[in-house]
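Fold and geometry: a report
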Amino acid sequence: MSFFQKLSNALSRFMYGRNGSDQLGWASIILLLVLNTVNLFLRSSSDTVYMLLTTADFVLMVWILFRMFSRNLPKRRRENAWFLAKIVNPVKNRRMRSMDKQHKYFTCPNCRTVCRVPRGKGNIIITCPKCGGSIRGKS
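Residues numbered from 1 in each chain as written. Predicted model: local features only at pLDDT ≥ 70, side-chain atom pairs only at ≥ 80, totals over all residues. Heavy atoms only, no water.

**Here's the deal with the overall build of the protein**
The condition that has to hold: Numbered from the N terminus, helices here are DSSP runs of H or I no shorter than four residues, and strands are runs of E no shorter than two. Put simply, the radius of gyration uses C-alpha atoms, and a globule should come to 2.2 Å times the residue count raised to 0.38. Three labels apply to residues, based on accessible area from a 1.4 Å probe with only protein chains included: buried if under 20% of the type maximum, exposed if over 50%, partly exposed otherwise in between. Whether two residues touch is decided by their heavy atoms; if any such pair falls within 4.5 Å, the residues are in contact. Working definition of accessibility: Shrake-Rupley area with a 1.4 Å probe, residue cover restricted to the visible protein chains. We score Asp and Glu as negative and Lys and Arg as positive, and we do not count His or the chain ends. For charged residues, the charge sits on one atom: NZ in Lys, CZ in Arg, CG in Asp, CD in Glu.
Scanning the protein from terminus to terminus reveals four helices and four strands. Whereas a compact globule of 139 residues would reach a radius of gyration of roughly 14 Å, the protein reaches 24 Å, over 25% beyond that. A principal-axis box enclosing the C-alpha atoms of the protein has dimensions of 70 × 50 × 25 Å. Here the protein holds 139 residues, and 24% of them are scored as buried. Nonlocal contacts in the protein, meaning residues at least 24 apart in sequence, comprise 39% of its contacts between residues at least 6 apart. Total accessible area computed for the protein in this model is approximately 10,600 Å², and 62% of it derives from carbon and sulfur atoms. Where the 24 positive side-chain charges of the protein centre and where its 5 negative ones centre are 14 Å apart.

Here it is as structure tokens:
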């Protein structure tokens, strides 16, 4: 076995049972890189802003490392699931709705459920499947 294979095996054994990187971790790393890049340009302008961004960078880096090496897998998975449900999926859904040219989307004013109807049906009244409220609109 070469040195690098031994090192790889040792790292795999160390990370066994730990969280590692997930979608929230990667998004946090990207945010850290963006903050560091902004901090590079603000270094010469203002000392207080530079110190605040440096502190935020450090805290974010510690949080990322804490999440990666954490052994509390259920809690880290809940955090990642919350991130995916509240931040990633709404952005994806909004993008997919704007690309869908065959349907029109209406939001129920009572329960905020998104209802999809085919385009080209004229003025219609939609009954919400969740709460039974009615939505008037033109498809």
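**Quick word on the packing of helix α2 (residues 23–42) against helix α4 (residues 73–99)**
The criterion, for reference: Axes, fitted as lines to C-alpha atoms, cover a helix only where it is in contact. Angles between the N-to-C directions of the axes lie from 0 to 180 degrees. Should an angle lie under 35 degrees it is considered roughly parallel, over 145 roughly antiparallel, and from 65 to 115 roughly perpendicular; all remaining angles are considered oblique. Residue polarity is assigned by list, with Asp, Glu, Lys and Arg as charged and Ala, Val, Leu, Ile, Met, Phe, Trp, Tyr, Cys and Pro as nonpolar; anything else, Gly included, falls into the polar class.
At a closest axis distance of 8 Å, the pairing of α2 and α4 adopts a crossing angle of 70 degrees. By the criterion of interaxial angle, the relationship of α2 to α4 is roughly perpendicular. Facing α2, whose interface residues are Gln23, Leu24 and Ala27, α4 presents Glu79, Asn80, Phe83 and Leu84. Residue composition of the contact of α2 with α4, grouped by class: four nonpolar, two polar and one charged.

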